[in-house]
Amino acid sequence: MCKYDYQCKLCGFKIDVKAEYKDMQDVVLKVSSDCPNLNPVTKEPIVLDAMYELMVPKEKSAVMQLLKDKHRHIEECTAYESIRDAIGLSLGRYFEIA
Ligand SMILES: [Zn+2]
């Protein structure tokens, strides 16, 4: 389990991301933030295909799919960048350990 801390550059809310790999592909993210806009990803852990998430552009991201309807300023909010960064860093660690 890796834990990363971010702060949204737009709204200033802290974003905590805990990442745990189920296997080489699937990562379970536990996102916590006081930002009400991030509800779709904070209310329960989300399971993502890590490689996919790192490779696709923002428009195709599963994180963005979860957030885009609910989050009024997702384009300017750095939540997506934070979550993507956490996936990348934790994937690096996963391969270090494995
Ligand atoms: Zn924000």
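In the block above lies the structure referred to throughout.
Side note on the sheet that holds strand β3 (residues 26–33)
Strand order in the open sheet formed by four strands is β1-β2-β3-β4, with antiparallel pairing between adjacent strands. Looking at strand neighbours, the two that pair on one side only are β1 (2–7) and β4 (46–49), the edges of this open sheet. Neighbour-to-neighbour, the strand axes of this sheet turn through a mean angle of 30°, independent of strand direction. Pairing geometry for strand β2 (residues 14–21) and β3, over seven bridges, is antiparallel. Among the inter-strand pairings, Asp16 is bridged to a residue of β3, identified as Ser32. Contacting β1, β2, β3 and β4, helix α4 (residues 79–97) crosses the sheet at an angle of about 155° to β1.

Some words on the coordination of the zinc ion
Within the protein, Cys8 (SG), Cys11 (SG) and Cys77 (SG) serve as the donor atoms for the zinc ion, at 2.2 to 2.4 Å. Donor residues binding the zinc ion come from one chain and are separated in sequence as C-x2-C-x65-C. On the basis of relative accessible area, Cys11 is assigned to the partly exposed category, the value being 29%.

Cut-offs used in this document
Residues numbered from 1 in each chain as written. Predicted model: local features only at pLDDT ≥ 70, side-chain atom pairs only at ≥ 80, totals over all residues. Heavy atoms only, no water. Pairing = 2+ DSSP bridges. Helix = DSSP H or I, 4+ residues; strand = E, 2+ residues; numbered from the N terminus. Axes fitted to C-alpha atoms, helices over the stretch in contact; angles between N-to-C directions. Contact = heavy atoms within 4.5 Å. Donors = N, O, S within 2.8 Å, 3.2 Å for Na, K, Ca; no water. Buried < 20%, exposed > 50% of the residue type's maximum accessible area, 1.4 Å probe, protein only.

Read these as spatial facts, not as claims about activity.
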